[in-house]
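# Understanding the architecture of this molecule
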Amino acid sequence: MKLALWSYQAPAHVGVSKAAASFGKLHCVVRAPKGDGYTTIMLAMFERLGVLPPLSFCAMSEATLAGAAADLPAMLREIDARESPEMIVVTRSATALVLQEPLDGEVAMMRPGDVKAEIFMASTHPVRDNELSAFARTTREIVEHYAADTPRTERPSVNIIGPSLLGFHDRANVESLRKSFDALGIEINAVLPLGATPDDLRTIGRAWVNVPTAHELAKPTLDYLRERFGTPYVNELPYGEAGTTRFLRELCALCEIPAERIAVAARDAKLLWYSRTVDAHALSSKRVGVFGLPTAAAGIARVLRDELDMEVEFVGTYALDYGDWLRERVRDITENVIVTDDYREVARAIDRTRPDIVFGSQMERHSASGFGVPCAVVSPPSHILNYPLGYAPFIGYDGANHIGDLVNQTQVLGLEHHLIETFGPRGQGRFAEAAPEPAAERGDARVPVAAGDVATDDVRWDAAAERLLGRVPFFVRKKARANVEKYARERNIAVVDEAVMLRAREHVGG
Amino acid sequence: MEANAGVIERDDFCSLAPIGWLHHKMQDSFFLVVGTGSCQGFLQTALGVMIFAKPRFATAVLDEDDLGGADPLDGLRPIVAAIVAEHAPRAIFLASTCTPEILKMNVAGCAPPLEAEFGVRVYPCRLDGFDAAYTQGEDHVLQSMIARSPETDAKNLVILGCLSALEEAEIRIECAAMGLPEPAFLPGESALDVPPLGPNTVLASAHPYLFAAAAYAQRERGCPLHKSIFPYGPDGTRAFYETLAAAFGKTVSYAEREREAWAALASQTAPLRDKTIVFCSDAMLELPLARTLRAAGARVPVVGTPNIYKKFHAAEIATLGDVEILERPDRFVLFDRLAALAPDLVVANLNIANPLEGMGFAVKWSTELTFQPIHGFSGASTLFGMFAATLRRHEALAARRARDGAPGAPIDLGFFHLAGSSR
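For clarity, every value in this text was computed on a predicted model and none was experimentally measured. (Residues numbered from 1 in each chain as written. Chains lettered and ligands numbered in written order. Predicted model: local features only at pLDDT ≥ 70, side-chain atom pairs only at ≥ 80, totals over all residues. Heavy atoms only, no water.)

### Description of the overall build of chain A
Of the regular secondary structure elements, chain A holds 23 helices and 15 strands. For chain A, the spread of C-alpha atoms along the three principal axes comes to 85 × 70 × 45 Å. Taking all 510 residues of chain A together, the buried fraction comes to 58%. When contacts within chain A are restricted to residue pairs at least 6 apart in sequence, those whose partners lie at least 24 apart make up 72%. Accessible area of chain A: about 21800 Å², with a carbon and sulfur share of 52%. (Helix = DSSP H or I, 4+ residues; strand = E, 2+ residues; numbered from the N terminus. Buried < 20%, exposed > 50% of the residue type's maximum accessible area, 1.4 Å probe, protein only. Contact = heavy atoms within 4.5 Å. Areas by Shrake-Rupley, 256 points an atom, 1.4 Å probe, with all protein chains shown as cover.)

Structure below.
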């Protein structure tokens, strides 16, 4: 047993789910207790899906413990009839693994033609694999299943490998790359797993070059496609303006097209100019720490050092298998590479080095705030804030601009902090006294809430009622106090006790 | 009532979820879950661990040794030592989950030796994700506390169920007004607060999902099963208080109080009148909420609910007349009812709330009902207000979208299948 308070990675079945459900015309079924089914909630809530996600949980119950067989065939028939997927990918959670049900056998015993969809058993191990390895392996398996010999496209083309549902700003990342590829006249053959259908996968070998958005997610697929079709992949990471230029230059060479058109793709890129402007001069004295998925950590660390001239205190990743990969990528940036899946170790590194800005996951944002250090979130684990309605890519030229904005926003805050530290909170107080507070912000019970309503001190609170009011969540407490006093005033009640307070709640809410 | 055969897809959560509110209520507690990385993932996803510096819950994640039959006590000892050193809890809830149940791992058996070794009370409980509704995690936690209750012959009053300070205050005040003994609440502020129970105790459950705890108290302490509808809405609250008084041999009428309460709620209940509302299965609050919404004038033709206990829910079911009750319904069986009924409002959990909204239904997300203080006369305004506000918002936005010719189309999978490829 191992004590776990918090984890960077989800279990393997979540990795399989994210990969399989992201492909077009595929459906994923997880054999697990219903309690494992929260991945569907994340899909519905984070991606704000207005349709049922292509992910189902075949629930184990008490009856299963008593020996009842999985009703997997019934679920497969239901999905087949409702969704008509071309393939249903089946996997199981660690809990289901323990039961050692013969799921393959159940599927094998279904009558031929019982379901039109192909049934595919994922090979990942529910305990030995983790979210990343399960995602990467499942993506490769499905690609391998469909890939067929096919001639290369006439014009240069690429597959983008890595983006998925519940990925990190993935739809925007794809859009950002697409804009550059359009400018260069490079076609996108497929994006996978996000949206690639079996038909797309049958012709996956047409692409001239493969483009990974995250090596840790794409590597097995990249290797397979290179072995099978000899397709090369781009090694440079498309982070930052200079990084994206290097990335596109490598891509152009592989596509045998002139690199001059990169300037067209780069016409909206502003990060390197921003870095030359006086606003950014102070960045040279700023120290940063970077932690996250290996590709993001390597890419972001290089942008911060090479393009903004910031000093990188440490770089790290929680993908333990990618420690050496990351060390190699940042060899010229820092020797201080942290490879750990314990968030407390990262927090200690932040505490020890006290960087000016941390670039990390939502957990680093939390840890850094404990030390008063600002944090820009550049990697999963994500938060609903990482699923913005607007366009916020992290890779390509548009991604470079966005990274510049993040640095800038974080720094402005830093400067304000600096001013406050220098001049003390008194400076703030003076401004606050001088400027009239907006009426809507006040919301104090002593302030008239409506025309004709007279502010008085005629309503008192007894100690028990004050205590009870203290138990009302702080963000509605002012409103609750105002409501109760209004209720009391209308009824000429001079002292609010617990009973009056509850009666008021009954009549006016709050 | 429809049998639960042929269930293909369910839409409810894991019974680990109540740790979210129970660890807040009992500030000296720690919840140690023995399970898989998936249990841990659920806790951090559902309970937003990142907002806590030092969460008072954690998972002892089973590794391959444990799956191979290692003694759980050996694995738990250093973990409990670390928790005691870091948090100094006064009680630890040691939760067995799906995987230990499958392995027949004796997690509960580890509680006494751990308690003896570390001098901290250890309550063994079972919080699994098989058939229990997510709220029933609270049921099993309370059952484990009742097992440690002192025995008594006194005629005392115990209110069962995790309540907010506001809700407890109303019950305290009303009991005093009726001349009943001061009620004890289980759970209280401390995980060590377990009121005495015995054959003369009036043990009344405030929630409809606490059957196991009530049945256990009946079996082990002789507490009679308290038969009432639950204190939601003016009708339920009136019955709840009157039944409490009767249990102490008093006749009290809350008829006038109920009438007053309905009058005060007029602005929240008016928009619900003659509206059709359907409950999907979620927290086991569905039966009492359907009952009080009907009393407020809404039509509730179908109610899905995860589990029904015939005796415990008898009073609620008796109020529901010809309402079709679907126990542990299949997702698509419910969807077929929704398609046929075209209700004005669907009450559904986060699994299906957005997809249902995308299908064109007005949806009230049901999980919120578990977290809001909706009990009693004083909570009724919050209760009905949530339904009325959802309906109002939905109607207002739909009307404006129609006026402006801007449909606000839902995000579908095609939204992600883009990338300017040839498609």
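From this point on, the discussion continues.
### Concerning the packing of aromatic side chains
Following the criterion strictly, the structure yields 25 aromatic pairs over all chains and no others. Ring centres 6.0 Å apart and planes at 80° place the aromatic pair W6 of chain A and Y343 of chain A in the edge-to-face group. Within this pair, whereas W6 of chain A is found in the loop between β1 (2–4) and α1 (12–22), its partner Y343 of chain A is found in helix α16 (residues 343–353), the two being separated by 337 residues in sequence. The two residues W6 of chain A and Y343 of chain A agree in class, both being buried. Aromatic side chains Y38 of chain A and F42 of chain B sit 5.5 Å apart centroid to centroid with 55° between the ring planes, which places their arrangement in the tilted category. Remark: F42 of chain B occurs in helix α2 (residues 37–46) and Y38 of chain A occurs in helix α2 (residues 38–46); the pair is interchain, linking two chains. Across the pair, F42 of chain B and Y38 of chain A agree in class, each one buried. (Phe/Tyr/Trp six-rings, centres within 6.5 Å; stacked < 30°, edge-to-face > 60°.)

### Looking at unusual backbone geometry
Leaving glycine out, the prevailing phi sign among residues is negative, and the prevailing peptide bond configuration is trans. A cis amide bond, omega 5°, links L192 of chain A with the succeeding residue P193 of chain A. The residue P193 of chain A is located in the loop between β7 (187–192) and α9 (198–202) in this model. A cis amide bond links P380 of chain A with the next residue in sequence, P381 of chain A, at an omega value of 5°. Even without a glycine there, the phi angle at D309 of chain A is positive, about 60°. By secondary structure assignment, the location of D309 of chain A is in the loop between α14 (294–307) and β10 (311–317). Phi is positive for D274 of chain B, which is not a glycine, with a value near 65°. When its relative accessible area of 49% is taken as the criterion, D274 of chain B is described as partly exposed.

### Considerations on a nonpolar patch on the surface
All names here are of chain A. Where nonpolar side chains cluster on the molecular surface, the patch consists of F474, F475 and V476 and spans about 360 Å² of accessible area. Looking at the secondary structure, you find F474 in helix α22 (residues 474–490). Residue classification places F474 among the exposed positions, given a relative accessible area of 64%. (Patch = residues over 30% accessible without salt bridge, like charges linked within 9 Å, V, L, I, M, F, W, Y side chains within 5 Å. Salt bridge = Lys/Arg side-chain N within 4 Å of Asp/Glu carboxyl O.)

### Description of the interface of chain B and chain A
Accessible area lost upon the coming together of the parts is a frequently used measure of interface size. Opposite the 88 residues of chain B that make contact, chain A presents 74 residues. Taken together, the two surfaces of chain B and chain A that pack against each other cover about 7200 Å², and 62% of this comes from carbon and sulfur. For R503 of chain A, the salt bridge is made with E260 of chain B, and the minimal N-O distance between the two is 2.7 Å. Our count for the contact surface shared by chain B and chain A stands at 31 residue pairs in polar contact (both at pLDDT 80 or more). With 7 residues, the top contributor of residues to the side of chain B that touches chain A is α2 of chain B. Grouping the amino acids of the side of chain B that touches chain A by side-chain chemistry returns 48 nonpolar, 21 polar and 19 charged. (Buried area = accessible area lost by both parts, 1.4 Å probe. Polar contact = N/O pair within 3.5 Å; in protein donor to acceptor, adjacent residues only side chain to side chain. Nonpolar A, V, L, I, M, F, W, Y, C, P; charged D, E, K, R; others polar.)

### Considering the pairing of strand β9 (residues 302–305) of chain B
All names here are of chain B. Taking every second residue as pointing to the same face, both faces of β9 are buried, with V302 and G304 on one and V303 and T305 on the other. Direction of pairing for β9 relative to strand β10 (residues 324–327): parallel, over a ladder of 4 bridges. If you follow G304 over to β10, its bridge partner there is L326. Regarding the hand of the β-α-β motif, the stretch spanning β9, helix α14 (residues 314–319) and β10 is right-handed. (Pairing = 2+ DSSP bridges. Right-handed = clockwise from strand over helix to strand, strands pointing away.)

### Thoughts on the nonpolar core
The nonpolar side chains of a soluble globular protein tend to be buried, and buried together. One finds F181, L251 and F359 of chain A together with L32 and F279 of chain B to be the most contacted residues of the largest nonpolar core, which totals 226 residues. Element by element, the count of residues in this core is highest for α14 of chain A, at 7 residues. By size, the runner-up hydrophobic cluster in this structure holds 19 residues, among which are L163, F185, A261 and F377 of chain B. (Core = buried A, V, L, I, M, F, W, Y, C linked by side-chain atoms within 4.5 Å.)

### As for the pairing of strand β3 (residues 55–60) of chain A
All names here are of chain A. With 5 of 6 residues buried, β3 lies mostly within the body of the structure. Here strand β2 (residues 26–33) runs beside β3; their pairing, made up of 6 bridges, is parallel. The residue bridging V29 from the neighbouring strand is S56, located in β3. At this point the chain moves from β2, through α2, to the parallel β3, and the crossover so formed is right-handed.

### What to know about the domain arrangement of chain A
All names here are of chain A. Here the domain parsing of chain A yields domain 1 (12–144), domain 2 (147–265), domain 3 (271–423) and domain 4 (458–508). Spacing between the C-alpha centres of domain 1 and domain 2 amounts to 28 Å. Of the residues lining the interface, 22 residues belong to domain 1; the matching set on domain 2 comes to 23 residues. Buried surface at the junction of domain 1 and domain 2, both sides included, amounts to about 2000 Å², of which 70% is carbon and sulfur. Viewed at the interface, domain 2 and domain 1 are joined by 1 salt bridge. In this structure, the salt-bridge partner of E86 is R202, at a minimum N-O distance of 3.7 Å. Linking domain 1 to domain 2 there are 8 residue pairs in polar contact (both at pLDDT 80 or more). Mapped onto the side of domain 1 that touches domain 2, the elements with two or more residues apiece are α1, α2 and α7 (131–146). Broken down by element, the residue count for the side of domain 1 that touches domain 2 peaks at 8 residues, all from α7. Residue composition of the side of domain 1 that touches domain 2, grouped by class: 12 nonpolar, 4 polar and 6 charged. (Domains from an automatic or database assignment.)

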